[in-house]
Amino acid sequence: MSAAVVSVQAKSTARARVRRRVLLFAAAGLALLFMLLTVSLTTGEIPMPATTALRALVGLGDPGDVLVIQQFRAPRSVAAIVAGAGLGAAGCVLQRLFRNPLASPDVMGIAGGASLGAVALIAAGASQSLIPLGAVGGGLLAALLLGVFAWGSGLAVTRLVLTGLAVQAGLAAAVNLMIVRFPAELAGSALQWTTGSVYGRTWTEVWGAGGAMVPALAAALVMNRQLAVLDLGDDSAGALGLRTSRARLQLLVLAVVLASLAAALAGPVTFVALAVPHVVRFVTGPPTAASLALAGLTGAVLLLASDLVVQHLLPIEGLPVGAVTATLGAPWLLVLMLRQSSPVQRSRG
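Note that this is a predicted model, so its numbers are computed, not measured. (Residues numbered from 1 in each chain as written. Predicted model: local features only at pLDDT ≥ 70, side-chain atom pairs only at ≥ 80, totals over all residues. Heavy atoms only, no water.)

**With respect to the overall build of the protein chain**
Then, in step 1: Summing up its helical and strand segments, the protein chain has 15 helices and zero strands in all.
Then, in step 2: Put simply, the protein chain has 349 residues, and 45% of those count as buried.
Then, in step 3: Residue pairs at least 24 apart in sequence account for 75% of intrachain contacts in the protein chain once pairs closer than 6 positions are excluded.
Then, in step 4: Carbon and sulfur atoms form 70% of the exposed surface of the protein chain, whose accessible area is close to 16,900 Å². (Helix = DSSP H or I, 4+ residues; strand = E, 2+ residues; numbered from the N terminus. Buried < 20%, exposed > 50% of the residue type's maximum accessible area, 1.4 Å probe, protein only. Contact = heavy atoms within 4.5 Å. Areas by Shrake-Rupley, 256 points an atom, 1.4 Å probe, with all protein chains shown as cover.)

**Things to note about a nonpolar patch on the surface**
Then, in step 1: On the surface, L54, L57, V58 and L60 cluster together into a nonpolar patch covering about 370 Å² of accessible area.
Then, in step 2: Residue placement: V58 occurs in the loop between α2 (50–57) and α3 (63–98).
Then, in step 3: Residue V58 is classed as exposed on the basis of its relative accessible area of 58%. (Patch = residues over 30% accessible without salt bridge, like charges linked within 9 Å, V, L, I, M, F, W, Y side chains within 5 Å. Salt bridge = Lys/Arg side-chain N within 4 Å of Asp/Glu carboxyl O.)

**Here's the deal with a positive patch on the surface**
Then, in step 1: Taken together, R15, R17, R19, R20 and R21 make up a surface patch of like positive charges.
Then, in step 2: The partly exposed category is assigned to R21, whose relative accessible area is 33%. (Lys, Arg positive; Asp, Glu negative; His and termini not counted. Charge placed at Lys NZ, Arg CZ, Asp CG, Glu CD.)

**Re empty space enclosed by the protein**
Then, in step 1: For the structure on display, the rule yields one cavity of 30 Å³ or more.
Then, in step 2: If you trace the largest cavity, you find it lined by L87, P105, A111, A259, A263, G267, P268 and V269. (1 Å grid on protein atoms, 1.4 Å probe; cavity = no way out; pocket = protein on both sides within 12 Å on 5 of 7 lines; lining within 4 Å. Points joined across faces, edges and corners; volume = space filled by probe spheres on them.)

**A few points about the packing of aromatic side chains**
Then, in step 1: One pass over the structure, following the stated rule, counts one aromatic pair.
Then, in step 2: Taken together, a centroid distance of 6.0 Å and an interplanar angle of 25 degrees make the contact between W203 and W207 stacked. With W203 and W207 both in helix α8 (residues 203–222), this residue pair falls four residues apart, about one helical turn.
Then, in step 3: Take W207: its relative accessible area is 62%, and that puts it in the exposed class. (Phe/Tyr/Trp six-rings, centres within 6.5 Å; stacked < 30°, edge-to-face > 60°.)

**Things to note about the pattern of salt bridges**
Then, in step 1: Applying the stated criterion to the full structure yields three salt bridges.
Then, in step 2: D307 serves as the salt-bridge partner of R76, at 2.9 Å between the closest nitrogen and oxygen. Of this pair, R76 sits in helix α3 while D307 sits in helix α13 (residues 291–313), and the two are 231 residues apart along the sequence. Note on accessibility: R76 and D307 belong to one class, buried.

**Quick look at the packing of α2 against α3**
Then, in step 1: Here α2 crosses α3 at 80 degrees, and the two axes come no closer than 8 Å. The angle between α2 and α3 falls in the class roughly perpendicular. Residue-level inspection shows T52, A53, A56 and L57 of α2 in contact with α3, the latter providing D65, V66, I69, Q70 and A74.
Then, in step 2: For the contact of α2 with α3, the residue count by class is six nonpolar, two polar and one charged. (Axes fitted to C-alpha atoms, helices over the stretch in contact; angles between N-to-C directions. Parallel < 35°, antiparallel > 145°, perpendicular 65-115°, else oblique. Nonpolar A, V, L, I, M, F, W, Y, C, P; charged D, E, K, R; others polar.)

**Section: the environment of A90**
Then, in step 1: Considering the arrangement of structural elements, one finds A90 in helix α3.
Then, in step 2: Separated by 14 residues in the primary sequence, A90 and S104 place their C-alpha atoms 7.4 Å from one another.
Then, in step 3: Leaving out residues up to four positions away in the same chain, A90 has contacts with P105, A255, L258 and A259.

**Section: the side chain of H278**
Then, in step 1: With respect to the helices, strands and loops of the structure, H278 is situated in helix α12 (residues 272–284).
Then, in step 2: Polar side-chain contacts of H278 include one of 3.0 Å to the backbone oxygen of P101. (Polar contact = N/O pair within 3.5 Å; in protein donor to acceptor, adjacent residues only side chain to side chain.)

**Comments concerning α8**
Then, in step 1: Over its 20 residues, α8 runs 28 Å from end to end, which matches the ideal 28 Å to within 8%, given 1.5 Å per residue.
Then, in step 2: Of all the residues in α8, the buried ones are E205, V206, A209, G210, M213, A216 and A220. (Expected span 1.5 Å × (residues − 1).)

Quick look at the structure:
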């Protein structure tokens, strides 16, 4: 048997193994998401069987159960799923786009910009349905600031991260200043944007951000081909006929929209967008067409699980989900930054 035939067979076997891992990972993620959603609907101060919760979800059964499920538990759970999916997909796009494992909306200031836009609309007394538009506008502003301050260095890893942290800190300070200046009746509803929370989400907010999130996720899947070409490097991508600058701008705007819509629902939740792409790569290997979908699924599972921890496992009542994800994210970010600054990583760059 020739070496060429052996090589083809080896590649075919490797692809089959990757497909099996992807299918198993997707099946496990969907099963875990369904289980977490069931727990979120059935547990709380008023526990109820799964069948009762399901009937209440479609408006059947005791009016009290219907009220608890439809007005409190279901919107909060769906908001966590939608926001987590957007953060996971946004982190995956940004890390591949910049070839930087530290790139994520919360590190690069996009989450802070989205919070600023949302809080500004709250201050103006705008309708809740307009909050996603304010979040997207704020996220685009943060991306513009990041590009202005970091473009001169060629978007180098260290400069990009430091600039993003500075932009995030500045925007967070602006949000805090606005909240301090708010009337008391607005300060409570705006405070969530400083920590990240899905408490008190309404169907109006969920449908507003979620309705825009679906086409954004679909666009990300469609543009995965361009992202895969950019993975080859700018020279190779240009040789294949891709207009690299235009493709990068489109993908950056798409990632900003995904992260901003997530922030419109949950505020500046940290760690999810940073960690999810690493988890997906660890399980499935190099990025494929399924990576974005798996990143969205993993983000939804992670954020919903974190919210359940906040609700039922921690003794502090009213703790926002962002506190849990930040606690997990701080050591993760430190490890990643140390790896990026190690001599081995620098020699590979």
